[in-house]
Structure formats: structure tokens, C-alpha cells
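Now for the letters of each chain:
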Amino acid sequence: MDATVKYGQVLSWVVARVLTPLVRVLLRNGMSFNAFSDVARRVYVEVAMREFGIPGRKPTVSRVAILSGLTRKEVQRLLGEQGQGNESDAHETYNRAARVIAGWVRDKEFTDAAGIPLALSQAGGNPGFGLLVKRYSGDVPARAVLDELLRVGAVERLDDDRIRLLARAYIPRTSDLDKLDILGADVSDLIATIDHNMQRGADDPRFQRKVMYDNVPAESIAQFRALSAAQAQALLEKMDEWLSQHDRDVNASVKGAGRMRAGIGIYYFEENLEQRSEDK
């Protein structure tokens, strides 16, 4: 078989496998194929224009049309629609809320002797919720952060007006829209890391590992799920502590050039292989 044909077949299989869980989400949330196709066309054009130009030359509609397989007229139309969506606010909300929760969990000033996050006063006091937000979310008003954490079910207000943490991570419980924001942020980061390692992994590898066995008895799953959650949370809190010491929003004394976004993500997965065999 011709190498190019085989490569194309493998790529088609990879795309189908990546799309399978995504299409499951899209169908569950009412997105039609036509709507998905419109989004895919726009992303093709945006990425081709931004990242696949010829060095030293200005990107052109004609080149984008050649790369994407779309007509010049379609490319022109899609370029005219750029900038209508804005995901920066969602990402900023996610990042700031996550930092506040992480600080609440690991900073000894906001935990008791056993390491349990304290219920914090909203009206001041020491330690108070306002101090927590100022330390880990920069100049965002404490009320705005509190409203967000209340909205997604990460905290609750007690009868004495103190604020109690309900979750050790920013995982929205009340809104599918918030969970979709996380889907967009986290999956894109994972794919970007894999793409980086495919292109430049030999010289500049990014950490990308997983551990998996495929003949584990069902009775062991609950124990592994609990073990992995505890170990992963401990690692993430350790990484968060290091990053917060080197982030200028959290630590104003940090010096240096540029503005980089960096982090590490961990996810758990399981699959019933007997059920999958029965479904075929």
C-alpha cells in the first residue's frame, strides 16, 4: 500500500476516534451536523490563516483556500465573521476561580491544623474571604469571585454569613455551559501538547504520559478511582503551589519578560470492555 494512502487512512481513523466522544457531547446538546460543519469551516480558515502562511509573505485568501479545500468566496466570508465570539472571559473566570480554590485548599493561613479549608468570613476578619481573593486572584473584587463560586456550586454561605468550600477544585456542578467551557479548554490543551510532541518532541518534549491496564476486575475500580483521585489531587496542589510562586498575578515580586501560560492536567478514565463488545 502506498505510504501516503496508509497515512491518510490512519489519520482518518484518528480523527474518527477523537470525534466519537465529541460528537456524543454535540448530539446530547443539540448541535446538528450543519452547525458543526460551520464551526469546522471557520476553524480551518482561522488556523490556516494564522499558522500556515509562507515565511516572509502575508497570508492570502488563495492560499487558505488551497489548504482548506474551501472556495475563495467561502474563505472571504468566514474571515469577515472572525472576532464575533469571545472566549477570553470564560477562560479568565475559570483560571481565577481555580486559583482561589487552590489557595484555599493549600495555604495554611486558610486551613485548620488538619489541613481542612476553613469557613471564611465574608465581611472581613482574619482569615477572610477578601484576603484569599486578593492573594490568589489579583485585583478582581471578592464579591465577583464569590458570586461565581456560589453560582457553580463550589461554595455555600452559612447561617453566620461565613463562606464554606464544597469542592477542592473548580468543577461546576450547576451549569452544563460551565462544563462545556472546561471541555473546550482542557481538550484543546491536551491536543496541543500531543501536536507539539509530534512536531518538536525530540528537541523540546512536553510531558505526556498515562498508565492503563485493560483486564481489571470491576470490583477493583472503585478502589483505584479513589486512589487515583487522592494522588492526583495531591500532585496538582504541589504543582499549583510552585506555579503560584512564579505567577505575577499572584506574586507581584516576580520579575521576567513575556507572558506564558503553563500548567499540568490529569484526568481519570475507565471503560467497560464487555459492554463495548456487546454493543458491536
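See the structure shown above.
The shown structure was predicted, so the numbers you read here are calculated from the model rather than taken from an experiment. (Residues numbered from 1 in each chain as written. Predicted model: local features only at pLDDT ≥ 70, side-chain atom pairs only at ≥ 80, totals over all residues. Heavy atoms only, no water.)

Trainee: I tried to follow helix H1 (residues 3–28) on my own but got confused; where do I start?
Mentor: What sets the pattern is the α-helix's 3.6 residues per turn: residues three or four places apart point alike. Compared with the 38 Å implied by 1.5 Å per residue over 26 residues, the 38 Å span of H1 between its first and last C-alpha is a close match. A maximum bend of about 35° is found in H1 at Thr20, where proline Pro21 lies one to four positions downstream. (Helix = DSSP H or I, 4+ residues; strand = E, 2+ residues; numbered from the N terminus. Expected span 1.5 Å × (residues − 1). Bend = angle between axes of the 7 residues up to and from the residue.)

Trainee: Help me understand the environment of Pro21 in this model?
Mentor: Relative to the helices and strands, Pro21 is located in helix H1. Taking C-alpha positions, Pro21 is 26 Å from Gln231, a pair spaced 210 residues apart along the chain.

Trainee: Any chance you could explain the environment of Val152 here in plain terms?
Mentor: Relative to the assigned elements, Val152 resides in the loop between helix H7 (142–151) and strand E2 (155–157). In this structure Val152 comes out as buried when scored by relative accessible area, which is 0%. Sequence spacing of Val152 and Ala16 is 136 residues, and the spatial spacing of their C-alpha atoms is 33 Å. (Buried < 20%, exposed > 50% of the residue type's maximum accessible area, 1.4 Å probe, protein only.)

Trainee: Hey, could you run me through the nonpolar core in this one?
Mentor: Where a protein is soluble and globular, its nonpolar side chains tend to be buried together. Core analysis: the biggest nonpolar cluster contains 20 residues, and Ile101, Trp104, Phe129, Leu132, Leu149 and Val155 have the highest contact counts within it. Broken down by secondary-structure element, the contributors of at least two residues to this core are helix H5 (88–106), helix H6 (129–137), H7 and strand E3 (162–165). The element that contributes the greatest number of residues to this core is H5, accounting for five residues. Excluding residues that lie within four positions of it along the chain, Leu132 makes contacts with Val100, Gly103, Trp104, Phe110 and Leu120. Residues Met49, Val61, Ala65 and Val75 belong to the second largest nonpolar core, which totals 10 residues. (Core = buried A, V, L, I, M, F, W, Y, C linked by side-chain atoms within 4.5 Å. Contact = heavy atoms within 4.5 Å.)

Trainee: Would you explain the pairing of E3 in this entry?
Mentor: Two faces belong to every sheet, and in a regular strand the side chains alternate between them. Burial along E3 is one-sided: Ile163 and Leu165 are buried, while Arg162 and Arg164, pointing the other way, are not. As defined by bridge partners, strand E1 (residues 120–121) adjoins E3 across two bridges and the pair is classed as antiparallel. Bridge pairing in E3 places Leu120 opposite Ile163. Pairing between E2 and E3: three bridges, direction antiparallel. Across the sheet, Glu156 pairs through a bridge with Arg164, a residue of E3. Between E2 and the antiparallel strand that follows it, E3, lie four residues; Asp161 among them carries a positive phi value of about 75°. (Pairing = 2+ DSSP bridges.)

Trainee: I'm lost on the pattern of salt bridges in this one. Help?
Mentor: Two side chains that carry opposite charge are able to pair once their charged atoms sit near each other. Counting across every chain of the model gives 14 salt bridges. Between Arg162 and Asp160 there is a salt bridge, with the nearest N and O atoms lying 2.7 Å from each other. Note that Arg261 is salt-bridged to Asp189, the shortest N-O span being 2.6 Å. One end of the pair, Arg261, is in the loop between helix H9 (218–245) and helix H10 (273–279); the other, Asp189, is in helix H8 (residues 176–200), with 72 residues separating them in the sequence. Through salt bridges that share partners, Arg41, Glu74 and Arg77 make up one connected network. (Salt bridge = Lys/Arg side-chain N within 4 Å of Asp/Glu carboxyl O.)

Trainee: Please explain unusual backbone geometry as it appears in this structure.
Mentor: Both trends apply: most residues other than glycine have a negative phi, and most peptide bonds are in trans. At Asp161, a position not held by glycine, the phi torsion is positive, near 75°. Topologically, Asp161 is positioned in the loop between E2 and E3.

Trainee: Looking at this structure, I do not really get the packing of aromatic side chains. What am I missing?
Mentor: When we look at a pair of aromatic rings, we describe it by the centre distance and by the angle of the planes. By the definition in use, this model includes three aromatic pairs. Centroid distance Phe224 to Tyr268: 5.9 Å. Interplanar angle 40°. Geometry classified as tilted. Separated by 44 residues along the polypeptide, Phe224 in helix H9 and Tyr268 in the loop between H9 and H10 bring together distant segments of the chain. Residue Phe224 is classed as partly exposed on the basis of its relative accessible area of 40%. Looking at Tyr268, the relative accessible area reads 32%, which means it is partly exposed. (Phe/Tyr/Trp six-rings, centres within 6.5 Å; stacked < 30°, edge-to-face > 60°.)

Spatial relationships are all this shows, so hold off on functional conclusions.
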